[in-house]
Amino acid sequence: MSSAPKSNVDSWLSHSSRPKRGVPEGLWLRCTSCNATVFRKQVEQGLGLCPECDHHFYISAETRIQQLLDPDSFEEWFADLTAGDPLEFADKNKTYKDRLVIEQKKTGMKDACVVGRGYMRGRPLVVGITDSAFIMGSMGSVVGEKLTRAIEQATELKLPLIIISGSGGGARMHEGIFSLMQMGKVSAALGRYHDRGGLFISVLTNPTMGGVAASFASLGDIVVAEPQALIGFAGPRVVEATIKKPLPEGFQTSEFLLEHGFVDRIIPRPRLRSELARLIDYCT
């Protein structure tokens, strides 16, 4: 005897129990500037810019190298330097050693800085990049040591130097005074480089804060910035709470700092490579 035909409800229940094919995660991004939902691939093809408002999204140090330097021209220096744990520091039930391992696995970087030699439109130079994805780009002993060695190499080789700062953190609290000393160490190396006639172009990106902004990032012979980058020592909320006064509109953005003489030029990311090469030609 044949079974009775399924009711419409039974058919619907049977159909709805099948696994649904949803949109894969990570295909879309929400722009923090205009709140538009944009296709990730379109953003990546547009050098990390929002197609609706030209907001500059975060990009990694590796991506910056690909965007700025000639293909296959980058030679990384001091890639194996890793941080120690002189204070045996722990926070939130996690040791500094464990945190370093987690950050290394997450980012594929040994620490928050990449340095080396490369070519930009055929021009040889030394480049350093700090990356906020690794403990907010905070300047620990490895970041300071890499930058100092890179500056010394630029001095010896008589090459232009570009440092691209993407550090939302200042000194790395996990290393205490060892981290604070990096500000002076890197600045002293830049002083010697300057005395030897070197050209240092500092590129400020979002964010450039804390000890990085208070040391080498502000010492460029030429200081350029990407649009709408957050630049300063303490964050706006901290400053406002300290002085107990409302802050000017756009405070600590690259546009505000250009108006007040802290930044020499604002260069959108699509023009950054060509404009940096032009500055090198003009100054050397």
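These numbers were taken from a predicted model, which means no experiment stands behind them.

Asker: For this particular structure, what's the right way to read the overall build of the protein?
Answerer: Of regular secondary structure, the protein possesses 10 helices and 11 strands. Based on the C-alpha atoms only, the size of the protein along its principal axes is roughly 100 × 50 × 45 Å. Here the protein, with 284 residues, has 43% of them falling under the buried criterion. Contacts in the protein between residues at least 24 apart in sequence constitute 68% of all its contacts with a sequence separation of at least 6. Working note: accessible area of the protein is about 15800 Å², and carbon and sulfur atoms make up 54% of it.

Asker: It is not clear to me how helix α10 (residues 269–283) should be interpreted in this structure. Could you clarify?
Answerer: Along an α-helix, a turn takes 3.6 residues, which lines up residues three or four apart on a common side. For α10, with 15 residues, the first-to-last C-alpha span of 21 Å sits near the 21 Å given by 1.5 Å per residue. Of all the residues in α10, the buried ones are Arg269, Leu272, Glu275, Leu276, Ala277, Leu279 and Ile280.

Asker: Mind showing me how you'd approach the pattern of salt bridges here?
Answerer: When their charged atoms lie close together, side chains carrying opposite charge are able to pair. In this structure the tally under the stated criterion is 13 salt bridges. A salt bridge links Arg273 to Asp70, with the nearest nitrogen and oxygen atoms 2.5 Å apart. Note that Arg273 is positioned in helix α10 and Asp70 in the loop between α3 (61–68) and β3 (75–77), a separation of 203 residues in sequence. Its relative accessible area of 22% is what places Arg273 among the partly exposed residues. The network of salt bridges with common partners includes Arg64, Glu226 and Arg269.

Asker: Just checking my understanding: could you explain unusual backbone geometry for this structure?
Answerer: In terms of backbone geometry, most residues other than glycine have negative phi values and most peptide bonds are trans. Of the consecutive residues Asn206 and Pro207, the connecting peptide bond is found in the cis state with omega at 0°. Among the secondary structure elements, Pro207 is positioned in the loop between β9 (200–204) and α7 (210–213). You will see that Phe78, though not glycine, has its phi angle at about 55°, which is positive. Within the fold, Phe78 resides in the loop between β3 and β4 (90–91). A positive phi angle, near 50°, is found at Glu88, a position not held by glycine. Positionally, Glu88 belongs in the loop between β3 and β4.

Asker: What should I look at first to understand the environment of Phe251 in this one?
Answerer: Note on placement: Phe251 falls in the loop between α8 (236–243) and α9 (254–259). The spacing of Phe251 and Gly232 is 19 residues in sequence and 9.2 Å in space, taken between C-alpha atoms. Excluding residues that lie within four positions of it along the chain, Phe251 makes contacts with Val239 and Phe256.

Asker: Mind showing me how you'd approach the pairing of strand β7 (residues 123–130) here?
Answerer: Each regular strand shows side chains that alternate between the opposite faces of the sheet. For β7, the buried fraction is high: 6 of the 8 residues fall into the buried class. Of the pairings in the sheet, the one linking strand β6 (residues 113–120) to β7 comprises 8 bridges and is antiparallel in character. Within the sheet, the bridge partner assigned to Met120 lies in β7 and is Arg123. Relative to strand β8 (residues 161–165), β7 runs parallel, the two being bridged by 4 bridges.

Asker: Mind showing me how you'd approach the packing of α3 against α10 here?
Answerer: Packed helices, taken two at a time, are described by the angle their axes make and the gap between the axes. The interhelical angle for the contact between α3 and α10, taken along N-to-C directions, is 60°, at an axis separation of 9 Å. Considered as vectors, α3 and α10 are oriented oblique to each other. Between α3 and α10, the residues in contact are Arg64, Gln67 and Leu68 and Arg269, Leu272, Arg273 and Leu276, respectively. Residue composition of the contact of α3 with α10, grouped by class: 3 nonpolar, 1 polar and 3 charged.

Thresholds applied
- Residues numbered from 1 in each chain as written.
- Predicted model: local features only at pLDDT ≥ 70, side-chain atom pairs only at ≥ 80, totals over all residues.
- Heavy atoms only, no water.
- Helix = DSSP H or I, 4+ residues; strand = E, 2+ residues; numbered from the N terminus.
- Buried < 20%, exposed > 50% of the residue type's maximum accessible area, 1.4 Å probe, protein only.
- Contact = heavy atoms within 4.5 Å.
- Areas by Shrake-Rupley, 256 points an atom, 1.4 Å probe, with all protein chains shown as cover.
- Expected span 1.5 Å × (residues − 1).
- Salt bridge = Lys/Arg side-chain N within 4 Å of Asp/Glu carboxyl O.
- Pairing = 2+ DSSP bridges.
- Axes fitted to C-alpha atoms, helices over the stretch in contact; angles between N-to-C directions.
- Parallel < 35°, antiparallel > 145°, perpendicular 65-115°, else oblique.
- Nonpolar A, V, L, I, M, F, W, Y, C, P; charged D, E, K, R; others polar.

Such coordinate-based values are descriptive only and should not be taken to indicate function.
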